[in-house]
Amino acid sequence: MALPSTFLSAVPAALLLLLAWEIRVRGKVGLIAGYDGGLPPEREAELARDAAAVLVVAAAATSLLVVDAWIGAVPRPGLLVTVAIAAAVAWFLWKWNVSEPDGD
């Protein structure tokens with residue numbers, strides 16, 4: 001069962017990493033859902049960095065399922081993946097929708 005789990009988890013993880021790369025390295029902040037382009041360049045770069053970080057966390061958390069499929073030593077992998085992704089998304093949403101930007 002480990003080999004099919006590896007292949008099934010590799011596609012979403014690769015897509016998440018590709019999207020993170022597009023946003024962060026190539027500056028495609030338009031790929032971020034809900035972003036309308038109203039930030040100055042330095043805040044836009046920070047937004048891209050934070051969005052890419054959340055996507056990398058999601059890819060890493062998804063990869064935890066592969067680790068569990070191979071070694072079976074991860075306790076409650078589904079719960080750990082859900083908590084890791086939810087925490088990263090909650091942090092991102094809080095930072096960009098609730099907290100005040102630095103310097104204002």
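Residues numbered from 1 in each chain as written. Predicted model: local features only at pLDDT ≥ 70, side-chain atom pairs only at ≥ 80, totals over all residues. Heavy atoms only, no water.

Brief notes about the overall build of the protein
Each helix and strand in the protein was counted, giving three helices and zero strands. For the protein, the α and β elements follow one another from N to C terminus as α-α-α. Its C-alpha atoms put the protein at 50 × 25 × 20 Å along the principal axes. Taking all 104 residues of the protein together, 31% fall into the buried category. Restricting the contact set of the protein to residue pairs at least 6 apart, pairs at least 24 apart contribute 62%. Surface accessibility of the protein: about 6800 Å² in total, with carbon and sulfur atoms responsible for 68%. For the protein, the distance from the average site of its 7 positive side-chain charges to the average site of its 10 negative ones is 7 Å. (Helix = DSSP H or I, 4+ residues; strand = E, 2+ residues; numbered from the N terminus. Buried < 20%, exposed > 50% of the residue type's maximum accessible area, 1.4 Å probe, protein only. Contact = heavy atoms within 4.5 Å. Areas by Shrake-Rupley, 256 points an atom, 1.4 Å probe, with all protein chains shown as cover. Lys, Arg positive; Asp, Glu negative; His and termini not counted. Charge placed at Lys NZ, Arg CZ, Asp CG, Glu CD.)

Digging into the confidence of the model for the protein
Averaged over every residue, the pLDDT of the protein is 86; residues scoring 70 or more account for 94%. Mean pLDDT per element in the protein: helix 1 (residues 2–24) is the minimum at 87, and helix 3 (residues 77–97) is the maximum at 93. (pLDDT = per-residue confidence, 0-100.)

Quick notes on helix 2 (residues 41–71)
Spanning 31 residues, helix 2 covers 45 Å between terminal C-alpha atoms, matching the ideal 45 Å at 1.5 Å per step. The positive-phi residue at the C-terminal boundary of helix 2 is Gly72, with phi of around 65°. (Expected span 1.5 Å × (residues − 1).)

Brief notes about the packing of helix 2 against helix 3
One can describe the packing of helix 2 onto helix 3 by two numbers: an axis separation of 8 Å at closest approach and a directional angle of 175°. Between helix 2 and helix 3, the crossing angle belongs to the class labelled roughly antiparallel. (Axes fitted to C-alpha atoms, helices over the stretch in contact; angles between N-to-C directions. Parallel < 35°, antiparallel > 145°, perpendicular 65-115°, else oblique.)

Quick word on helix 1
Taking 1.5 Å of rise per residue, the 23 residues of helix 1 would be expected to cover 33 Å, and the 32 Å separating its terminal C-alpha atoms lies within 8% of that figure. The sharpest bend along helix 1 reaches about 25° and sits at Ala10, with the proline Pro12 one to four residues further on. On its buried face, helix 1 is in contact with helix 2. (Bend = angle between axes of the 7 residues up to and from the residue.)

Observations regarding the nonpolar core
In this structure, Ile23, Val29, Ile32, Tyr35, Leu47, Ala51 and Phe92 are the most contacted members of the largest nonpolar core, which totals 14 residues. Elements with a contribution of two residues or more to this core: helix 1, helix 2 and helix 3. For this core, the element with the highest residue contribution is helix 2, accounting for six residues. Leaving out residues up to four positions away in the same chain, Ile32 has contacts with Ile23, Leu47, Ala48 and Ala51. (Core = buried A, V, L, I, M, F, W, Y, C linked by side-chain atoms within 4.5 Å.)

Concerning unusual backbone geometry
Unusually for a residue other than glycine, Arg76 sits at a positive phi of about 50°. Mapping Arg76 onto the fold places it in the loop between helix 2 and helix 3. Overall, the relative accessible area of 64% leaves Arg76 in the exposed class.

A closer look at the packing of helix 1 against helix 2
Helix-helix packing is characterised by the crossing angle of the two axes and by the distance between the axes. Between helix 1 and helix 2, the least distance of the axes is 9 Å, while the angle of their chain directions is 170°. As judged from the angle between their axes, helix 1 and helix 2 are roughly antiparallel. Across the contact of helix 1 with helix 2, the residue classes break down as 19 nonpolar, five polar and two charged. (Nonpolar A, V, L, I, M, F, W, Y, C, P; charged D, E, K, R; others polar.)

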